[in-house]
Amino acid sequence: MLPAERRAALEEGLTAELLTVVTGARRRALRDGDRQIDTAHLLHSLVETDPEVAAVFEDGHQLARVLGYLVQRSIGYGLRWQRSVEDTGSALPVVRGAENAVSGWSPAAAVALSGAFERAAPRGDRRVRGLDLLAELAADPENRAAEVLRRAGVDRLVLAARIEESSQQV
């Protein structure tokens, strides 16, 4: 499958809201001078555009701290990430092989998106929601999104429980 066809097939499985998130993350990556969408780009776009995602944070202060770290990314914090490839941490398997590659995505972001599709499948949903992606971003303690969450004082286990609780209500 050609990169454009692979990207179209990928985006077909996203809800309209999540497609907006991916588009926003792609714009952020380009604006930041990054070659790939990474997990921090996805997290930033998720918390800004998806009300379900914003609602699973403990309170407005926690969400504000997360956004604060993400905004600082382009003005200092995170500059060490620019123009480098984000790989996945050792806690999660890396998807290898050209047939699994997602053009324009860091390996860690591609693994998170793949995991989000796997989370959607048991509920019989062909489309991935923002909470699916947030759960996967938070699952890998070594990715950039998890680093932002940690620095903002977000307990990933508490966040995972809140995501599960919210997912059960939908």
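In this report, we go over the structure that sits alongside the text. (Residues numbered from 1 in each chain as written. Predicted model: local features only at pLDDT ≥ 70, side-chain atom pairs only at ≥ 80, totals over all residues. Heavy atoms only, no water.)

## Let's talk about the overall build of the protein chain
- Broken down by element type, the protein chain carries 9 helices and 0 strands.
- Helices (α) and strands (β) of the protein chain occur, in sequence order from the N terminus, as α-α-α-α-α-α-α-α-α.
- Going through the 170 residues of the protein chain one by one, you find that 46% of them count as buried.
- Sequence separation of at least 24 residues holds for 64% of the intrachain contacts in the protein chain that already meet a minimum separation of 6.
- Carbon and sulfur atoms make up 53% of the accessible area of the protein chain, which totals about 8,500 Å². (Helix = DSSP H or I, 4+ residues; strand = E, 2+ residues; numbered from the N terminus. Buried < 20%, exposed > 50% of the residue type's maximum accessible area, 1.4 Å probe, protein only. Contact = heavy atoms within 4.5 Å. Areas by Shrake-Rupley, 256 points an atom, 1.4 Å probe, with all protein chains shown as cover.)

## Description of the nonpolar core
- Core analysis: the largest hydrophobic core is formed by 39 residues, its most contacted members being Leu 43, Phe 57, Val 66, Leu 133, Leu 134 and Leu 159.
- At the level of elements, α2 (16-31), α3 (39-49), α5 (60-72), α6 (107-120), α7 (130-139), α8 (144-151) and α9 (156-169) are the ones that each hand at least two residues to this core.
- Each residue touching Leu 134, except ones within four places of it in the same chain, is listed here: Leu 43, Leu 46, Val 53, Val 56, Phe 57, Leu 159 and Ile 163. (Core = buried A, V, L, I, M, F, W, Y, C linked by side-chain atoms within 4.5 Å.)

## So, the pattern of salt bridges
- Counted under the stated rule, the structure contains 9 salt bridges.
- Linking Arg 129 and Glu 52 is a salt bridge whose minimum nitrogen-to-oxygen distance equals 3.4 Å. With Arg 129 in the loop between α6 and α7 and Glu 52 in helix α4 (residues 51-55), the pair connects residues that are 77 residues apart, well separated along the chain.
- For Arg 129, a relative accessible area of 11% gives the class buried.
- The class for Glu 52 is partly exposed, based on a relative accessible area of 28%.
- In this structure, the salt-bridge partner of Arg 119 is Asp 132, at a minimum N-O distance of 3.7 Å. Separated by 13 residues along the polypeptide, Arg 119 in helix α6 and Asp 132 in helix α7 bring together distant segments of the chain.
- Asp 132 sits in the buried class, given a relative accessible area of 0%.
- Several salt bridges share partner residues, and in doing so they unite Arg 119, Arg 123, Asp 125, Asp 132 and Glu 164 into one network. (Salt bridge = Lys/Arg side-chain N within 4 Å of Asp/Glu carboxyl O.)

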